[in-house]
Amino acid sequence: MSDLNLFSVLILSALIVFFLSQKKAKNWQTSAGSERVHSLPVYYGYFGSIWTVIPALFVFAFWSFFSTNVISTMVVGQFVELQALDKSSLSLALNEIYLMSDASIVPSLSDNTIKAQAANLFMQYSQYSAIFKSITVLAIAALGFILTYWRITPTTKARNSVENIVVYALLSCAVIAILTTAGIIFSVLLESIEFFKTIPVSDFLFGTHWSPQIALREDQAGSSGAFGAVPLFWGTIFISLIAIIIAGPLGLISAIYLSEYASKRVRSIVKPVLEILAGVPTVVYGFFAALTIGPLVRDFGYWLREMGVNLDIQILANLTVSTESALAAGLVMGMMIVPFILSLSDDVIAAVPDSMRDGSTAMGATKSETVWKVIIPAALPGIVGGFLLAISRAIGETMIVLMAAGVASNLTANPMNSVTTVTTQIVTLLTGDQEFDSVKTLAAFALGLGLFITTLVLNIIALHVVRRYREQYE
Amino acid sequence: MRKGTDVELLQNLGDTVGKPLIDGDSRMSCSKVDVFYNNNNQAIFDISVDLGKNEILAMIGPSGCGKSTLLRCLNRMNDTIEGCKVEGEITLDGIDVYSKNIDPVLLRSNVGMVFQKPNPFPKSIYDNVAYGPRLHGLARNGAELDDLVEESLIKSGLWKETKDRLNKPGTGLSGGQQQRLCIARTIAVKPEVILMDEPTSALDPIATATIEELMYELKSSYTIAVVTHSMQQAARISDRTAYFHLGRLVEVNETNKVFTNPEHELTENYITGRFG
């Protein structure tokens, strides 16, 4: 029986058992003179179907997960030739065997190698496994049904059991989310350790030259590659800084206007518009940055340089100007996070109790005095928290910088020059035709780890600050 | 005394009985004040009443009778409510506070307000008291400001408890202390009138007694109007008592008279607990 069929049968039997158990419970209720039934019939229904299906599903999942490995081991055990292979060639050979055994590929008759024989054996074992799996799963389902259906009595605490199971179901969902995160961190960490075996941590953290090109030939110039991450982290911080300088005041001041001054009508128009802005995909911002803002910034840079030449200002005259620039990326990224800062600031400003406003107004303060002297100080921790969350979003942003800031790693403070960021480099390192065990790809994981730690620290600080703020009025 | 059933009395609510207006100089004076919320929702009907110098006027009445609304008209706090319209005349020292050339911000520094729930700013005790003087430039230098803060805290009876912790947050004080801090904050800007909107309803009896004593002391320098739900409080502290009912001012009289021999039956019903 195929997995899909088996699954459908399980679901169908769950439904049937539900109605059967419910019916049984209803009969207790109607039979006169019987003792009080503990739970509503529907709970007996849930109770029955849960104990019929859940254990069977566990076995189903467990079997499906491990069967390929078990069968492979059994197949390899049959062939001395396969046992002789080393680890990586064995996994290659096994992959071929899986492909050949797949029913969609008809093995050619002439192919009578070890692998073909192994594939045949594999196919055979898989069929047995599927049959045994179906039998086992259905048997467990039947057992579960028998054990619950015949044993439920009016005193069975079905309602409480179902409640317990619901708690476990919720818990397991939460655990899945945590495990996934842990898994990602773990894999990034492992690959990073692999990377740091080749490149010393100090070179990575403090090196100022980033050039991950690995030579194709031994004698090629710069064959070793350079993995100093300082220019990348600098680029990230530089662009995020520009973004927050743009977005911080803009977002905060709009939030003050919207929450303190704007009439209901203005608010009802402006807020949805800003939410639309928050919904624009970053790639759209990216091409806006690359095609519109980038050239504008470049022209402005040329103009500055000309001014420098005319007025004999050395710094301006020697300005490096590029179409892909930190400024263009930062400006557009700033626009991107404005709605983010605005809505967070708006929330914390609205959370300042009206009694503060009344108190200040009654002291003879004007509206703007009230805003700047009472409301903003009161909301400040929340606003700072919002800023930090916005910064960690800016740090993780990829598309805009990839399209507008370039991929050249420059350690520069000139916003007209192109810089590159951690995220951009991860993209360029991992896309295209890459070897997956080269230092170059491993470097991406090390960068990812660095980025992850940076944003994690920022988020922890932000959440801490926001939480402290929330407690202030309680 | 006007007699009749409550329904009849409500239908025949006429002019205010007793002595709403005083003979000598009044500090504040309301004359034929109507207040509307959202155009047609009238909250206050034709109220005329005076606030004398150095007196405490207690405003009592069931919830929703308009006493808080009237109080908030006196320093134009109602301006901050959208759709609120005030008609009639309210004067402070003979000047119409609703006339166009009156700045509500300046008015509020002359007519201070203390709220039902203590609302110290999330700043230090010192900064809370210094808030008003700083806004209005009442102190020329730091030493003067220090003196002003000390004076206000002494007047509000909070100095002894807080002189060693002036830089601690005002929100860390107890409820009664917070309310006295709010009073200190209010008197620091040297107002003529202090409006109190149920200033002790969030406090325990001991803190309430402290605040009441304080109000009694403040009477020598300020005119105080206090809204209260506690008739004992009104009887204890006020010189005159005003009874409000459904947006109308039913009776104003010497406090003693209101609580022993009210002129209007509605007042009697209310103070004896027979009402509503």
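Criteria and cut-off values
Residues numbered from 1 in each chain as written. Chains lettered and ligands numbered in written order. Predicted model: local features only at pLDDT ≥ 70, side-chain atom pairs only at ≥ 80, totals over all residues. Heavy atoms only, no water. Helix = DSSP H or I, 4+ residues; strand = E, 2+ residues; numbered from the N terminus. Rg over C-alpha atoms; globule rule 2.2 N^0.38 Å. Buried < 20%, exposed > 50% of the residue type's maximum accessible area, 1.4 Å probe, protein only. Contact = heavy atoms within 4.5 Å. Areas by Shrake-Rupley, 256 points an atom, 1.4 Å probe, with all protein chains shown as cover. Lys, Arg positive; Asp, Glu negative; His and termini not counted. Charge placed at Lys NZ, Arg CZ, Asp CG, Glu CD. Buried area = accessible area lost by both parts, 1.4 Å probe. Salt bridge = Lys/Arg side-chain N within 4 Å of Asp/Glu carboxyl O. Polar contact = N/O pair within 3.5 Å; in protein donor to acceptor, adjacent residues only side chain to side chain. Axes fitted to C-alpha atoms, helices over the stretch in contact; angles between N-to-C directions. Left-handed = near helix turned anticlockwise from the far one by under 90°. Nonpolar A, V, L, I, M, F, W, Y, C, P; charged D, E, K, R; others polar. Pairing = 2+ DSSP bridges. Domains from an automatic or database assignment. Expected span 1.5 Å × (residues − 1). Phe/Tyr/Trp six-rings, centres within 6.5 Å; stacked < 30°, edge-to-face > 60°. Lys NZ or Arg CZ within 6 Å of the ring centre and 35° of its normal.

Visitor: Just to check I follow, could you spell out the overall build of chain A for this structure?
Guide: Helix and strand content of chain A: 17 helices and two strands. Here chain A has a C-alpha radius of gyration of 32 Å; the compact-globule value for 474 residues is 23 Å, and the former is much larger. C-alpha atoms of chain A, sized along the principal axes, occupy 95 × 80 × 35 Å. Put simply, chain A has 474 residues, and 39% of those count as buried. If you take every contact in chain A between residues at least 6 apart in sequence, the share linking residues at least 24 apart comes to 74%. Accessible surface computed for chain A: about 26,200 Å², of which carbon and sulfur atoms make up 68%. Across chain A, the mean location of the 26 positive side-chain charges is 16 Å away from that of the 30 negative side-chain charges.

Visitor: Would you mind showing me how to read the overall build of chain B here?
Guide: Across its full length, chain B carries eleven helices and eleven strands. In terms of C-alpha radius of gyration, chain B reaches 19 Å, essentially the compact-globule figure of 19 Å for 276 residues. If you line up chain B on its principal axes, its C-alpha atoms span 60 × 45 × 35 Å. For chain B, the residues scored as buried account for 53% of the 276 residues in total. Taking the intrachain contacts of chain B between residues at least 6 apart in sequence as the baseline, contacts between residues at least 24 apart amount to 69%. Carbon and sulfur atoms provide 47% of the accessible area of chain B, an area that totals close to 12,100 Å². Of the side chains in chain B, 30 bear a positive and 37 a negative charge, and the two mean positions are spaced by 4 Å.

Visitor: So what exactly am I meant to see when it comes to the interface of chain B and chain A here?
Guide: Often the size quoted for an interface is simply the accessible area lost on bringing the parts together. Facing the 23 residues of chain B at the interface are 19 residues of chain A. Taken together, the two surfaces of chain B and chain A that pack against each other cover about 1,600 Å², and 65% of this comes from carbon and sulfur. When the area that chain B buries against chain A is broken down by residue, the three leading residues are Pro122, Tyr131 and Leu135 of chain B, summing to 32%. For the interface between chain B and chain A, the tally reads zero salt bridges. Counting across the interface, chain B meets chain A through five residue pairs in polar contact (both at pLDDT 80 or more). When residues of the side of chain B that touches chain A are traced back to their parent elements, those giving at least two are helix H3 (104-110), strand S7 (111-114), helix H4 (125-136) and helix H7 (175-187) of chain B. No other element matches H4 of chain B, which puts four residues into the side of chain B that touches chain A.

Visitor: Please clarify how the packing of helix H8 (residues 230-261) of chain A against helix H9 (residues 264-279) of chain A should be interpreted in this entry.
Guide: Packed helix pairs are characterised by how far apart their axes lie and by the angle those axes make with each other. All names here are of chain A. Interhelical geometry of H8 versus H9 gives an angle of 145° and a closest axis separation of 10 Å. Note that H8 runs across H9; the crossing there is left-handed. Here Tyr257, Leu258 and Ser259 of H8 lie close against H9, whose contacting residues are Val266, Arg267, Val270, Lys271 and Leu274. Taken together, the residues of the contact of H8 with H9 sort by class into five nonpolar, one polar and two charged.

Visitor: Please clarify how the sheet that holds strand S6 (residues 95-96) of chain B should be interpreted in this entry.
Guide: The pairing of strands in a sheet comes from backbone hydrogen bonds and takes either a parallel or an antiparallel form. Residue and element names in this part refer to chain B. Spatial strand order, S3-S2-S5-S6: four strands in an open sheet with antiparallel pairing. Two strands in the sheet have a free side with no partner beyond their single neighbour: strand S3 (41-52) and S6. Sheet topology places strand S5 (residues 84-92) next to S6; two bridges connect them, and they run antiparallel. The residue bridging Thr91 from the neighbouring strand is Asp96, located in S6.

Visitor: Mind showing me how you'd approach the pattern of salt bridges here?
Guide: Where charged atoms from two side chains of opposite charge approach closely, those side chains can pair. All names here are of chain B. All told, the structure shown has 20 salt bridges over all chains when counted by the stated rule. Measuring nitrogen to oxygen at the nearest pair gives 3.0 Å for the salt bridge that ties Asp79 to Arg76. Classification of Asp79 as partly exposed rests on a relative accessible area of 37%.

Visitor: Explain the side chain of Glu55 of chain B here, please?
Guide: Residues and elements named next belong to chain B. For Glu55, the location among the structural elements is in the loop between S3 and strand S4 (56-60). At 2.8 Å, the side chain of Glu55 and the side chain of Arg240 are in polar contact. Setting aside residues no more than four positions away along its own chain, Glu55 makes contact with Asp50, Lys219, Tyr222, Thr223, Ile224, Asp239 and Arg240.

Visitor: What should I look at first to understand the sheet that holds strand S1 (residues 17-18) of chain B in this one?
Guide: Residue and element names in this part refer to chain B. Strand order in the open sheet made by the seven strands is S1-S11-S10-S4-S9-S8-S7, with mixed pairing throughout. Across the chains shown, the open sheet's two edge strands, defined by having one partner strand only, are S1 and S7. Two elements, strand S8 (residues 193-197) and strand S9 (residues 223-227), share five bridges in a ladder whose sense is parallel. The partner of Ile194 across the bridge, within S9, is Ile224. Contacting S7 and S8, H7 runs over the sheet at an angle of about 170° to S7.

Visitor: What exactly am I supposed to notice about the domain arrangement of chain A here?
Guide: According to the domain assignment, chain A contains domain 1 (3-154), domain 2 (157-198) and domain 3 (210-473). Using only C-alpha atoms to locate each centre, domain 1 of chain A and domain 3 of chain A end up separated by 50 Å.

Visitor: I'm lost on helix H13 (residues 354-362) of chain A in this one. Help?
Guide: For the α-helix, the turn length of 3.6 residues means that residues three or four positions removed from each other point alike. Residue and element names in this part refer to chain A. For H13, a buried count of seven out of nine residues is recorded, marking the element as mostly surrounded by other parts of the structure. Residues of H13 that are buried include every one of Met356, Arg357, Asp358, Gly359, Ser360, Thr361 and Ala362, and no others. Positioned one or two residues after H13, Gly364 has a phi angle of 85°, which is positive.

Visitor: Please explain the environment of Ala351 of chain A as it appears in this structure.
Guide: Structurally, Ala351 of chain A is set in helix H12 (residues 326-351). Classification of Ala351 of chain A by relative accessible area gives partly exposed; the value is 41%.

Visitor: So what exactly am I meant to see when it comes to helix H6 (residues 158-198) of chain A here?
Guide: Helix length check: H6 of chain A, at 41 residues, gives a terminal C-alpha distance of 60 Å against a target of 60 Å (1.5 Å per residue), a fit within 8%. All of the buried residues along H6 of chain A are Ala158, Val162, Val188, Ser192 and Phe195 of chain A.

Visitor: Hey, could you run me through the packing of aromatic side chains in this one?
Guide: How two aromatic rings sit relative to each other is given by the distance of their centres and the angle of their planes. Enumeration according to the criterion identifies 19 aromatic pairs over all chains in this entry. Between Phe196 of chain A and Phe204 of chain A, the aromatic rings sit 5.4 Å apart at their centres with planes inclined by 75°, giving edge-to-face as the arrangement. Aromatic ring contacts, followed pair by pair, group Phe195, Phe196, Phe204, Trp210 and Phe227 of chain A into a single cluster. Seen from the ring of Tyr261 of chain A, Lys367 of chain A lies directly overhead, with NZ or CZ sitting 5.6 Å from the centre. Above the face of the Phe45 of chain B ring, Arg248 of chain B is positioned so that its terminal group lies 4.2 Å from the ring centre.

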